[in-house]
Amino acid sequence: MKKVGLLGLTLLLVFLTACSGGGSSTGPASAGADGGGAVKEETPDPFGKYEETITLTYGKSVDATDKSLPVGDTPETNQYSRYVKDMLNIDTKVSWQAASGPNYDQKVNLSISSNDLPDALVVNDMQLRQMVKAGQLADLTDIYDRYASPSMKSFIEKTGGIAAQSVTFDGKMYAIPSVQVHADGVHQLWIRKDWLDKLGLEPPRTIDDLEKVAEAFVTQDPDGNGKDDTIGISGPESGGLLYAHFLASTNNLYGLDPVFGAFRAYPGFWIEGEDGDPVYGSILPETKEALGKLRDWYAKGLIDREIGVRKDAHEPVKSGQSGIFFAPWWMGYGPLPDAIKNDPDANWQAYLLPLDSEGQFNARMGTSSTQFVVVRKDYEHPEAVVKMLNLLIRDEAKFDISVGIGYYPLRVPQSAPDESEYSAKALQEVLAGTKTPEDFNDPGYKLLAADLQNVKKVKKEPYDNMDIQYWDPQADLGVWSRQYSLLVGASTLLEDYNKVYSLLYSQTKTMESRWTNLKKLEDETFLKIIVGAAPLEEFDTFVDNWKKQGGDKITEEVKEYIQQ
Amino acid sequence: MNNRSFSKHYYLMLLPGMVWLILISIVPMFGIVIAFQDFNPGAGFFRSAWIGLENFDYMFALSDIRSIFFNTVFIAVMKMAAHLVVPLVFALMLNELRLALIKRWIQTIVYLPHFLSWVILAGILLDIFSFSGPVNGLLKALGFEPVLFFANSTLFPFMVVASDVWKEFGFNTIIYLAALTGISPVLYEAAAIDGASRFRRLWHVTLPGITTTIVLLAVLSLGNVLNAGFDQIFNLYNPLVYSTGDIIDTWVYREGLLNLQYGLATAVGLLKSVVSFILIIISYALASRFANYRIF
């Protein structure tokens, strides 16, 4: 009975969205005349304002925990959508919204499968392929050529063709790819330095050090509240990833990637095997070794005991329970603002640690493009999307980002791939007084000028000490978020470290039908091994099953792909 | 004359239900063609490539299929049994209460969770049974090792059944209580005069009086043997309990809606529907035989 109820609800939603979709699609059709006007312009202007207001509907992913919107504003109507309206005369309408992550993906999938699409969407690689196959998308080849701003084109070109390749099918461009900074793919160690100091410990350099530190965090009551309530190492939430993988290679918060890296294990990545042929990292002995260590740690209580089950992995970090987690550079944007709100002394610092047995940090690197802006076939103003992204690139530095930038309609990050490290270095040099803001005028780094101007608003002297007490987040939390992320999170990436790329960042033919099951097998087995619900030997059974159930065939396909 | 206008009302009242049934249950049924297609949402039902039984071949080759069918039947059968026995025992006990006010209070209170959705209840349950929750607090205080109830694949199906019974038993209790009021008090008086003890009266008067209701509820629930409760399990499970907690509906959801394998997901859903259909036919035959329950 309940099943029927849910099904009914789903269908009802489909009907409702179908109705609203129908309603809105008549809107732009009647306004088609001014669309013609825009095309008639002799030289297309990347920032050209429409003479008459055009409407663009899109699906919105919303961070449910974000509270940065001022009273009266909504995910649909806020400073960013008003800016788009003022500058371009595009009226953006949200057809539906869903919480970011699995909920949003599911909503997009529902739109794809019911063939009921808003005018534009942000989708992932799998969804993009599905939509191209289904013939649901507008061909953006010409539009990109004519309307993309020089900055956008330069970002996309800087990836060496990878970004363009990811959206090109049969020679046609079907989406505008995100161009993410390298730094989004490097997961590093974030640790409570105030806890380390209190217990007289150093940041852990090796796996053994990490074990000792985590043990001290768990047993020695580092928060001094007299209760046995601290977590050594945070883990992913329910549905989260133990490690980034080739299909979701960036921004894996609370994964355990660096621990695997310290064993030179790269589960979830296609890497070159000893014989030079591609091999899937999850089935290699190094991965087993790392899992054995993690299992050991879990048994000792060093890893969050609710790993993989917890509903919200942000929570222990925000509430000051957790002492260590692994994540990319931008933690100053979140969860750290909440963490320091709860405890102003929470001194989270980032390091490229732990190191492997040869003293090297092994980072798995993401691909530049994991998000794609697509436009529904038959939408009258496909160029509107490109204009909106042009505007975002040009004017992002002007925005007050204390209101989450995610509220910008159809936002995907686009920037120079090395923007984070470059900006961190520039900031360091300006703070040290060896250079002045005027020395940096490369327009390819869109936020740098503002960054350099703002840094002293939130950074207190001494300028070379990044501990939390030498910052002033209260002065401007939006500025602090970025500066802290750059100076604490991204500056570590200026060191030398080993960059490991996956041979492949998209699906092959057989993966389309088999990968889900293989991935489920992998996720379930690994999580069970870590929490002790299955013996470590289960790993060998997994490897056999994985190969048998399609893994071998897929490996062959990957090999063919590489040879092409 | 009088009779006919009376039945018109009935048809009118039937109308919204029929509209709902046609829109929600009958129209989407044409979608089962997807099971035989390499479905392409852009091309729709009519122009997608026809691939015959390929989806079914692949389905039976998957190692998952056996375990999800087993999990589904296991959880659903346990739920059916529990939903029959627990409300019955509870209704009988409640019926012995002399104070009508307390009786009604209890009846309302146990009925309340029925109105809460699983999204909310699952959040509450996961918190209560988490490491820092009250249940593990109690276990720790008593000197036991804390247990993550919803992350333990052995315990998970039982937790699912227990929480579902807790949520729903108030509903069936009310049906039983209604049946109990239908038993003539004269029978009890007669039995009491004949010197029957309370237990004897229960055995010889109460139970025979509600047998039809029990049989009817039992037989009708047979149709649910493949419905282990999507919203409940979906909100409670995690990868650690896939081996015992993943059911047909959750699997179809992941495969169809998350991984866009429409054909495969529809094939599994269709198989489930076929098996359910057979079970409903059987349960209808049984119902008409033992409880005189007829639709046609």
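Residues numbered from 1 in each chain as written. Chains lettered and ligands numbered in written order. Predicted model: local features only at pLDDT ≥ 70, side-chain atom pairs only at ≥ 80, totals over all residues.

Undergrad: Go over the overall build of chain B, please, and point to the residues and values.
TA: Each helix and strand counted, chain B has 14 helices and two strands in total. Across its three principal directions, the C-alpha atoms of chain B cover 75 × 75 × 30 Å. By the burial criterion, 29% of the 296 residues in chain B qualify as buried. The long-range share in chain B, meaning contacts at least 24 apart out of those at least 6 apart in sequence, stands at 70%. (Helix = DSSP H or I, 4+ residues; strand = E, 2+ residues; numbered from the N terminus. Buried ≥ 20, exposed ≤ 12 C-beta atoms within 10 Å, placed from the backbone. Contact = placed C-beta atoms within 7 Å.)

Undergrad: How would you explain the overall build of chain A if you had to name every residue and give the values?
TA: Helix and strand counts for chain A come out as 20 helices and 15 strands. Dimensions of chain A, computed from the C-alpha atoms along their principal axes, are close to 70 × 60 × 50 Å. Looking at chain A as a whole, 49% of its 564 residues are labelled buried.

Undergrad: If you had to explain the domain arrangement of chain A to someone new, which residues and values would you point to?
TA: Often, the extent of an interface is quoted as the loss of accessible area on bringing the components together. Residue and element names in this part refer to chain A. Domains assigned within chain A are domain 1 (25-180 + 370-407), domain 2 (184-366 + 500-507) and domain 3 (419-497). Taking only C-alpha atoms, the centre of domain 1 and the centre of domain 3 are 30 Å apart. Residues of the side of domain 1 that touches domain 3, tallied by class, amount to three nonpolar, three polar and two charged. (Domains from an automatic or database assignment. Nonpolar A, V, L, I, M, F, W, Y, C, P; charged D, E, K, R; others polar.)

Undergrad: Provide a residue-level description of the UniProt feature "domain: ABC transmembrane type-1" (unreviewed entry) in chain B, including the pertinent values.
TA: In this numbering, the UniProt entry assigns the feature "domain: ABC transmembrane type-1" (unreviewed entry) to residues 69-283 of chain B. With 75% helix and 0% strand, the stretch residues 69-283 of chain B has end C-alpha atoms that lie 20 Å from each other. (UniProt positions renumbered as here; feature names shortened; annotations may be inferred.)

Undergrad: An account of helix H10 (residues 198-221) of chain B is requested, with residue identities and associated values reported.
TA: Most pronounced at B:Thr211, the bend in H10(B) amounts to some 50°. B:Thr206, B:Ile210, B:Leu217 and B:Val219 are the residues of H10(B) that are buried. (Bend = angle between axes of the 7 residues up to and from the residue.)

Undergrad: An account of the sheet that holds strand E8 (residues 231-233) of chain A is needed here, citing residue identities and associated values.
TA: Residues and elements named next belong to chain A. Here four strands make up an open sheet; going across it, the order is E8-E11-E7-E12 and the pairing mixed. Among the strands making up the open sheet, the edge pair consists of E8 and strand E12 (348-351). On average, adjacent strands in this sheet sit at an angle of 25° to one another, irrespective of strand direction. Here helix H10 (residues 207-219) sits on the sheet and contacts E8 and strand E11 (322-327); the angle it forms with E8, its principal contact strand, is near 165°. (Pairing = 2+ DSSP bridges. Axes fitted to C-alpha atoms, helices over the stretch in contact; angles between N-to-C directions.)

Undergrad: Could you give an account of the UniProt feature "transmembrane region" (unreviewed entry) in chain B, naming the residues involved and the relevant values?
TA: Residue and element names in this part refer to chain B. According to UniProt, the "transmembrane region" (unreviewed entry) feature falls on residues 12-36, 68-93, 105-129, 141-162, 174-193, 205-226 and 262-287. Counting secondary structure, residues 174-193 comes out at 85% helix and 0% strand; the distance between its end C-alpha atoms is 29 Å. Between the first and last C-alpha atoms of residues 262-287 the distance is 36 Å; the span itself is 100% helix and 0% strand.

Undergrad: Which residues make up the nonpolar core, and what values go with them?
TA: Of all hydrophobic cores here, the largest spans 188 residues; its most connected members are A:Trp190, A:Val373, A:Val374, A:Val385 and A:Met388. Other than its neighbours up to four places away in sequence, A:Val373 contacts A:Ala120, A:Val122, A:Ala175, A:Ile176, A:Val385, A:Leu389, A:Leu410 and A:Val412. (Core = buried A, V, L, I, M, F, W, Y, C linked by C-beta atoms within 7 Å.)

Undergrad: Can you tell me about the interface of chain A and chain B, naming the residues and giving the values?
TA: Taken residue by residue, the interface counts 35 residues in chain A and 34 residues in chain B. When residues of the side of chain A that touches chain B are assigned to their parent elements, the largest contribution, nine residues, is made by helix H19 (residues 509-531) of chain A. Of the residues belonging to the side of chain A that touches chain B, the class tally is ten nonpolar, 14 polar and eleven charged.

Undergrad: Summarise the packing of helix H13 (residues 248-258) of chain B against helix H14 (residues 262-290) of chain B; cite the residues concerned and give the values.
TA: Residues and elements named next belong to chain B. Relative to each other, H13 and H14 sit at 160°, their axes nearing to 8 Å. Considering the angle they form, H13 stands roughly antiparallel to H14. Relative to H14, H13 is oriented so that their crossing is left-handed. Contacts between H13 and H14 involve Ile-248, Trp-251, Val-252, Glu-255 and Gly-256 from the first element and Tyr-262, Leu-264, Ala-265, Thr-266, Val-268, Gly-269 and Lys-272 from the second. The class makeup of the residues in the contact of H13 with H14 is seven nonpolar, three polar and two charged. (Parallel < 35°, antiparallel > 145°, perpendicular 65-115°, else oblique. Left-handed = near helix turned anticlockwise from the far one by under 90°.)

Undergrad: So what's going on with helix H12 (residues 285-299) of chain A? Which residues, and what values?
TA: Between the first and last C-alpha of H12(A) there are 21 Å, a value that for 15 residues agrees with the 21 Å anticipated at 1.5 Å per step. Against the buried residues of H12(A) lie H10, helix H11 (257-262), H19 and helix H20 (538-563) of chain A. (Expected span 1.5 Å × (residues − 1).)

Undergrad: Outline the confidence of the model for chain A, supporting the account with residue identities and numerical values.
TA: Averaged over all residues, the pLDDT of chain A equals 88, while 93% of them reach at least 70. For the stretch residues 1-41 of chain A, pLDDT sits under 50, and the model shows 43 contacts to residues farther than four places along the chain or on other chains. (pLDDT = per-residue confidence, 0-100.)

Undergrad: Residues and numbers for the pairing of strand E1 (residues 54-62) of chain A, please.
TA: All names here are of chain A. Across the nine residues of E1, eight count as buried, placing the element largely inside the fold. Here E1 runs beside strand E2 (residues 90-99); their pairing, made up of nine bridges, is parallel. Pairing of Tyr-58 across the sheet is with Val-94, part of E2. For the crossover that starts at E1, traverses helix H3 (residues 79-88) and ends in the parallel E2, the hand is right-handed. (Right-handed = clockwise from strand over helix to strand, strands pointing away.)

Undergrad: So what's going on with unusual backbone geometry? Residues and values would help.
TA: Residues and elements named next belong to chain A. With an omega of -5°, the peptide bond running from Leu-353 to Pro-354 counts as cis. Cis peptide bonds are those with omega within 30 degrees of zero, and the linkage from Glu-461 to Pro-462 qualifies with -5°. For Pro-462, the position within the fold is in the loop between helix H17 (448-458) and helix H18 (477-490). Even without being a glycine, Asn-251 presents a positive backbone phi close to 50°.

Undergrad: Got a sec to walk through the environment of A:Gln483? Specific residues and values, please.
TA: Residues and elements named next belong to chain A. In this fold, Gln-483 is placed in helix H18. Assessed through the 24 C-beta atoms surrounding it within 10 Å, Gln-483 is described here as buried. Remark: the alpha-carbon pair of Gln-483 and Leu-336, spanning 147 residues in sequence, is separated by 12 Å. Ignoring sequence-local partners within four residues, the contact set of Gln-483 consists of Asn-454, Val-455, Val-458 and Lys-459.

Undergrad: Give me the lowdown on the environment of A:Asn517, citing residues and values where you can.
TA: Relative to the elements of secondary structure, A:Asn517 occurs in helix H19. Overall, the presence of 21 C-beta atoms within 10 Å leaves A:Asn517 in the buried class. Placed 33 residues apart in sequence, A:Asn517 and A:Gly550 show a C-alpha to C-alpha distance of 9.4 Å. Leaving out residues up to four positions away in the same chain, A:Asn517 has contacts with A:Gln549, B:Leu62 and B:Asp64.

Undergrad: Just give me the short version of the environment of A:Lys528, but keep the residues and values in it.
TA: Examined against the element boundaries, A:Lys528 turns out to sit in helix H19. Classification of A:Lys528 as buried rests on a count of 23 C-beta atoms within 10 Å. For the pair A:Lys528 and A:Gly308, spaced 220 residues apart in sequence, the C-alpha to C-alpha distance is 9.8 Å. With near-sequence residues (within four places) excluded, A:Lys528 lies in contact with A:Ala533, A:Ala534, A:Glu538 and B:Leu240.

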